[in-house]
Amino acid sequence: MKTRRMTFALAAAALLAVSLPASASAAEGVLTVNGTAYEDPSGCYPIDWFPTSVTNNTDAIAEVHSGPDCTGQVEWLVYPGETYNTETAQSVFIL
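Throughout this document, residue positions are counted from 1 along each chain, in the order its sequence is written. Confidence filtering applies because this is a predicted model: local features only for residues at pLDDT of at least 70, side-chain atom pairs given and counted only at 80 or more, and all residues used for totals across whole chains, interfaces and linings. Excluded from the side-chain calculation are hydrogens and water; included are all heavy atoms of the structure.

S.K.: I tried to follow the overall build of the protein on my own but got confused; where do I start?
M.R.: Strands are runs of DSSP state E lasting at least two residues, helices are runs of H or I lasting at least four, and both sets are numbered from the N terminus onward. In terms of regular secondary structure, the protein is built from 1 helix and 8 strands. Seen in sequence order, the protein has helices and strands lined up from the N terminus as α-β-β-β-β-β-β-β-β. For every residue, the accessible area (1.4 Å probe, protein chains only) is compared with the maximum for its type, and the residue is labelled buried under 20%, exposed over 50%, or partly exposed between those bounds. Looking at the protein as a whole, 28% of its 95 residues qualify as buried. Two residues qualify as a contact provided that any one of their heavy atoms is within 4.5 Å of a heavy atom in the partner residue. Considering only contacts in the protein between residues 6 or more positions apart, those separated by 24 or more positions represent 52%. For the area figures, the Shrake-Rupley method with a 1.4 Å probe applies, and any residue is considered shielded solely by the protein chains shown. Total accessible area on the protein is roughly 6,400 Å²; 59% of this is exposed by carbon and sulfur atoms.

Structural data, given as structure tokens:
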């Protein structure tokens, strides 16, 4: 009976370890929003004035959002090596 409980506990622990997501890491490179450079960026960045320029020199895709704090619709996806100009977006999200 004791061995059976131990086996069940080990199986449950293994299942839990496999199901937990890996920790997020920052993109590698530089994200530039209106001339401000963010090295190895991660998360949400505000857009403070218009027109706005977003240059993505990272290894990740940047999402340009219509709302503040990376809410609202995704207005555009800025792929690595691209620049996007906007007069309506309010934030940028990058992993």
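Next comes the rest of the write-up.
S.K.: Please clarify how the nonpolar core should be interpreted in this entry.
M.R.: Inside soluble globular proteins, nonpolar side chains tend to come together where they are buried. Here, nonpolar core refers to any group of buried Ala, Val, Leu, Ile, Met, Phe, Trp, Tyr and Cys residues whose side-chain atoms link them within 4.5 Å. With 14 residues, the main nonpolar core has L31, V54, A62, V64, V78, V92 and I94 as its most contacted residues. Going through the elements one at a time, strand 1 (29-33), strand 5 (62-65) and strand 8 (91-94) are the ones with two or more residues in this core. With residues near it in sequence (within four places) discarded, A62 still touches L31, N56, W76, L77, V78, V92, F93 and I94.

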